[in-house]
Amino acid sequence: MRDTTPDFSRPPTADEFQTDPYEPEVGSLPQQSGQDEEKVNKTGTTTIGISTSEGVVIATDMRASLGGRFVSNKNVQKVEQIHPNAALTLVGSVGGAQSFIRSLRAEVNLYEARRGEDMSMQALSTLAGNFARGGPFFAINPILGGVDDDGHHVYSIDPAGGVMKDDYTVTGSGLTVAYGTLEDRYEDDMTNEEAREVAAASIKAAAERDTGSGNGIFLADVTSEGVDIQGYDFDELL
């Protein structure tokens, strides 16, 4: 039988100190193979954020897929409230996006409890970018939309933690098609109702060509009064 008892009578050799001092002490995460990647539920997706004269409108489709080829769910809510006056979309792996939202929501609640005030959108977007860059959230690319005392804000957050603010933005696998419709119909100072129609048309256009998008639309109205999220069939809006 092999003796695995460590020998404490001699000093350790240099080779025994070759581990990375920054690695988790309990071990590293396993490397994923291409086959594992295909088994992960992904939102595929088209998500849109539009800043309006009244607040922000966020729109997403409802489809989740396995490996981008099989529709695993036709009724996924890809936008969640994370702040009294802000919402975030799910883009990328479903598990990573859900974990990201839970983490942000917890930090927002802690901030409010400790300081007695809501977190600003600038602080929330910075926190989201830091989490995306430093956390194990597995290839997410969400949109953050919110309202605070400084105005109405829409941010896209890339998987490396980059945060970019704009009047409107699109993320997900259907973005190239959605951008064409959105930029054709977008106007400055739209109302939330007008932005809902533009966003719905853009999501539907993406669903016509992108296999990762489809099955309906969720719309989030974000104003100073709060966040309202509802799901619709395309025929109900267009």
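Residues numbered from 1 in each chain as written. Predicted model: local features only at pLDDT ≥ 70, side-chain atom pairs only at ≥ 80, totals over all residues. Heavy atoms only, no water.

A. Representation of the overall build of the protein in the model. Scanning the protein for helices and strands turns up six helices and 13 strands. Sorting the 238 residues of the protein into buried and exposed places 44% on the buried side. Excluding contacts between residues fewer than 6 apart, the proportion of contacts in the protein whose partners are at least 24 apart in sequence is 65%. Of the roughly 13,200 Å² that the protein leaves accessible, carbon and sulfur atoms contribute 46%. (Helix = DSSP H or I, 4+ residues; strand = E, 2+ residues; numbered from the N terminus. Buried < 20%, exposed > 50% of the residue type's maximum accessible area, 1.4 Å probe, protein only. Contact = heavy atoms within 4.5 Å. Areas by Shrake-Rupley, 256 points an atom, 1.4 Å probe, with all protein chains shown as cover.)

B. Up close: the sheet that holds strand β12 (residues 217-223). If you trace the five strands from one edge of the open sheet to the other, you get β11-β2-β3-β12-β13, paired in antiparallel fashion. Looking at strand neighbours, the two that pair on one side only are β11 (168-172) and β13 (226-232), the edges of this open sheet. Between one strand axis and the next, the sheet turns through 15° on average, direction left out of account. Where strand β2 (residues 46-51) meets strand β3 (residues 56-61), five bridges bridge the pair, whose relative direction is antiparallel. Across the sheet, residue G49 finds its bridge partner in β3, namely I58. Relative to the sheet, helix α4 (residues 175-185) contacts β2 and β11, its axis offset from that of β11 by approximately 160°. (Pairing = 2+ DSSP bridges. Axes fitted to C-alpha atoms, helices over the stretch in contact; angles between N-to-C directions.)

C. Structural context of the environment of D166. Its place among the elements puts D166 in the loop between β10 (163-165) and β11. It is 5.9 Å that separates the C-alpha atoms of D166 and V154, two residues lying twelve residues apart in sequence.

D. Spatial organisation of the UniProt feature "active site" (unreviewed entry) in the protein. Under the feature "active site" (unreviewed entry), the UniProt entry names T45. Looking at the secondary structure, you find T45 in the loop between β1 (41-42) and β2. Dropping the residues within four chain positions of it, T45 is found in contact with D61, K78, L90, V91, T171, G172, S173, G174, D210, G212 and S213. (UniProt positions renumbered as here; feature names shortened; annotations may be inferred.)

E. Region of interest: the packing of aromatic side chains. Under the definition given, this model contains one aromatic pair. Consider the rings of Y168 and Y186, whose centres lie 4.5 Å apart with planes at 50°: the pair is tilted. Note that Y168 is positioned in strand β11 and Y186 in the loop between α4 and α5 (192-209), a separation of 18 residues in sequence. The same class applies to Y168 as to Y186, namely buried. (Phe/Tyr/Trp six-rings, centres within 6.5 Å; stacked < 30°, edge-to-face > 60°.)

F. Spotlight on the pairing of β13. Two elements, β12 and β13, share seven bridges in a ladder whose sense is antiparallel. The residue bridging V222 from the neighbouring strand is V227, located in β13. Linking β12 back to β13 in an antiparallel pair, the connection comprises two residues.

G. Examining the packing of helix α2 (residues 94-115) against helix α3 (residues 121-134) more closely. Put simply, α2 and α3 touch, their axes get as near as 11 Å, and they point 140° apart. What the angle tells us is that α2 and α3 run oblique. The hand of the α2/α3 crossing is right-handed. Along the contact surface, α2 presents F100, S103, L104, E107 and V108, while α3 presents L124, L127, A128, F131 and A132. Across the contact of α2 with α3, the residue classes break down as eight nonpolar, one polar and one charged. (Parallel < 35°, antiparallel > 145°, perpendicular 65-115°, else oblique. Left-handed = near helix turned anticlockwise from the far one by under 90°. Nonpolar A, V, L, I, M, F, W, Y, C, P; charged D, E, K, R; others polar.)

H. Region of interest: unusual backbone geometry. Look at D189: it is not a glycine, yet its phi comes out positive at around 60°. On the secondary structure map, D189 appears in the loop between α4 and α5. Unlike most non-glycine residues, N215 shows phi in positive territory, near 75°. Positionally, N215 belongs in the loop between α5 and β12. Look at N215 and you get partly exposed, because its relative accessible area is 29%.

I. Inspection of the sheet that holds strand β9 (residues 151-157) at higher detail. The five strands are arranged β6-β7-β8-β9-β10 in an open sheet whose pairing can be described as antiparallel. A single partner strand is all that each edge strand has here, and the edge strands are β6 (79-83) and β10. Neighbour-to-neighbour, the strand axes of this sheet turn through a mean angle of 25°, independent of strand direction. In this sheet, strand β7 (residues 86-89) lies alongside β6 in antiparallel orientation, the contact comprising four bridges. Residue pairing in the sheet places H83 in a bridge with A86 of β7. Docked against the sheet, α2 engages β6 and β7, running at close to 20° with respect to β6.

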